[in-house]
Amino acid sequence: MRKLITALVAIILTITSMPAQANLKNRTSVPTLAILDSALDTSIPSNKSKLIYEVCILDWPSCPNGKNFMEGEGSSVIPMSILSNSNFNHGTQMSSIAIANNPNMNIIFIRIIGHTSRGMRQTTGVNTIPNALSWVKANKDKYNIVAVSVSQGNQSVLKKTPFNYCPVTSTDNSVNDLYSIGIPVFFPAGNERDLSRINWPACIPNSVAVGGSESYGEVSVLSNYDKNLIDIWSPAGSVSIYPGNRIGNSFGTSVSTQVAAANYVALKSAKPSLTLDQLLSLIKKTAKPITNSLKQQGLLLDLGAALNG
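What counts and how
- Residues numbered from 1 in each chain as written.
- Predicted model: local features only at pLDDT ≥ 70, side-chain atom pairs only at ≥ 80, totals over all residues.
- Heavy atoms only, no water.
- Helix = DSSP H or I, 4+ residues; strand = E, 2+ residues; numbered from the N terminus.
- Buried < 20%, exposed > 50% of the residue type's maximum accessible area, 1.4 Å probe, protein only.
- Contact = heavy atoms within 4.5 Å.
- Patch = residues over 30% accessible without salt bridge, like charges linked within 9 Å, V, L, I, M, F, W, Y side chains within 5 Å.
- Areas by Shrake-Rupley, 256 points an atom, 1.4 Å probe, with all protein chains shown as cover.
- Salt bridge = Lys/Arg side-chain N within 4 Å of Asp/Glu carboxyl O.
- Expected span 1.5 Å × (residues − 1).
- Bend = angle between axes of the 7 residues up to and from the residue.
- Disulfide = S-S within 2.5 Å.
- Core = buried A, V, L, I, M, F, W, Y, C linked by side-chain atoms within 4.5 Å.

## Focus on the environment of Leu267
Right, so step 1: With respect to the helices and strands, Leu267 occurs in helix H7 (residues 253-270).
Right, so step 2: Judged by relative accessible area, which is 1%, Leu267 ranks as buried.
Right, so step 3: Taking the C-alpha atoms as reference, Leu267 lies 7.6 Å from Leu279; in sequence the two are 12 residues apart.
Right, so step 4: Among all residues touching Leu267, those that are not within four sequence positions of it are Leu279, Leu282, Ile283, Leu303, Ala306 and Leu307.

Structure representation (structure tokens):
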């Protein structure tokens with residue numbers, strides 16, 4: 001934790017002369033993580049140094065241009081009065097955690113959550129994530145996108161049975177499309193303490209489902225659990241940056257998802273000849289077995305071990 005705090009403070013204090021989304025030609029050799037989330041404070045120094053593009057893909061005409069699609073500078077920005085509330089500060093937290101866990105990558109931020117004039121979240125339909133993932137597929141080479149992290153999930157759409165509970169939607173096809181070309185999509189297991197089901201879309205077989213672990217190295221009882229569908233565990237707690245460049249703390253499988261995705265990008269950079277299947281296999285092979293008082297078992301991602309594996 002001390003190393004992560006130091007990294008975050010260093011990022012905040014970094015003064016960069018390169019404006020956000022500038023000099024793309026010289027930066028595409030750096031791997032990029034596409035982050036799909038609520039909104040982003042692009043004024044934060046760490047975002048300025050790592051953010052190479054912004055996109056807004058919604059079901060509502062709530063993008064800054066008054067439409068349901070926008071790309072380019074300012075696409076992920078919303079008024080600070082809304083950005084800083086609990087409905088929309090999530091994206092800024094998640095970006096800061098991803099960057100702190102891998103400062104050697106760029107990020108693209110894709111806003112997928114619309115807002116009302118009163119700062120409430122608008123509903124997200126079944127086509128929002130597929131539309132965003134289609135954008136990723138179409139632009140993967142231009143921006144050197146090697147992975148996607150989506151720290152969002154839903155439990156209400158799950159079937160009540162603990163068996164075959166994951167609904168099949170168009171998101172399956174989008175996740176499968178990216179998987180087939182070597183780009184994993186990381187989703188959180190969820191934080192409802194469900195002992196037999198994880199959230200959608202994490203339950204999609206070809207997604208990378210991430211469970212949460214505690215700081216003392218146990219499977220978190222907060223994390224939803226399915227021993228057959230969770231691919232990897234990573235820490236659920238982290239220091240993070242909130243809108244307005246404020247230091248705070250974040251906890252949950254949303255955090256775990258960003259840690260896992262950022263570590264995957266680092267591993268991909270170190271072992272570029274390995275395929276997606278080989279990289280995920282290496283992550284699991286070198287992970288540390290963990291459990292908890294409920295006898296839930298998991299595999300805790302160990303980047304150092306994977307790098308040496």
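## Overview of a nonpolar patch on the surface
Right, so step 1: A cluster of nonpolar side chains, namely Leu195, Val221 and Leu294, defines an oily patch on the protein surface of about 260 Å² accessible area.
Right, so step 2: By the secondary structure assignment, Leu195 is in the loop between strand S6 (185-188) and strand S7 (208-213).
Right, so step 3: Judged by its relative accessible area of 52%, Leu195 falls in the exposed class.

## Notes on the pattern of salt bridges
Right, so step 1: Following the criterion strictly, the structure yields 3 salt bridges and no others.
Right, so step 2: A salt bridge links Asp141 to Lys140, with the nearest nitrogen and oxygen atoms 3.0 Å apart.
Right, so step 3: Residue classification places Lys140 among the partly exposed positions, given a relative accessible area of 22%.
Right, so step 4: The shortest N-O distance in the salt bridge between Asp231 and Lys284 comes to 3.3 Å. Pair noted here: Asp231 is in the loop between S7 and strand S8 (232-235) and Lys284 is in helix H8 (residues 276-286), with a separation of 53 residues, a long-range link.

## Some remarks on helix H5 (residues 128-143)
Right, so step 1: Taking 1.5 Å per residue, 16 residues should reach 22 Å; H5 reaches 21 Å between its end C-alpha atoms and fits that length.
Right, so step 2: By the largest-angle criterion, Lys137 marks the main kink of H5, which is about 40°.
Right, so step 3: Those residues of H5 lying buried are Thr128, Ile129, Pro130, Ala132, Leu133, Trp135, Val136, Asn139 and Tyr143.
Right, so step 4: A positive backbone phi angle near 55° is found at Asn144, which sits one or two residues after H5.

## Quick notes on the state of the cysteines
Right, so step 1: According to the stated counting rule, one finds 2 disulfides in the structure shown.
Right, so step 2: Each disulfide pairs two cysteine sulfurs, and for Cys56 the partner residue is Cys63, the sulfurs being separated by 2.1 Å. Taking the torsion about the S-S bond as the criterion, the Cys56 to Cys63 disulfide, at about -90°, is left-handed.
Right, so step 3: Between Cys166 and Cys203 runs a disulfide, and the two sulfur atoms are separated by 2.0 Å. Judged by the sign of its S-S torsion, about 70°, the cystine formed by Cys166 and Cys203 is right-handed. Of the two residues, Cys166 sits in the loop between strand S5 (145-150) and helix H6 (170-180) while Cys203 sits in the loop between S6 and S7, which places them 37 residues apart along the sequence. Each member of the pair Cys166 and Cys203 is classed as buried.

## Thoughts on the nonpolar core
Right, so step 1: The biggest cluster of nonpolar side chains holds 45 residues, and the ones touching the most others in it are Ile110, Trp135 and Val148.
Right, so step 2: At the level of secondary structure, the elements contributing two or more residues to this core comprise strand S1 (32-37), strand S2 (51-57), helix H3 (80-83), strand S4 (106-111), H5, S5, H6 and S6.
Right, so step 3: Among the elements that make up this core, the one with the highest residue count is H5 (6 residues).
Right, so step 4: Every residue in contact with Ile110, bar those within four places of it in the chain, is listed here: Ile35, Leu36, Asp37, Val55, Ile57, Ala132, Trp135 and Val136.
Right, so step 5: Counting residues in each nonpolar core, the second largest holds 31 residues, with Phe186, Val210, Ala266 and Leu301 among its members.

Fair warning: the whole summary comes from geometry, so function is off the table for now.
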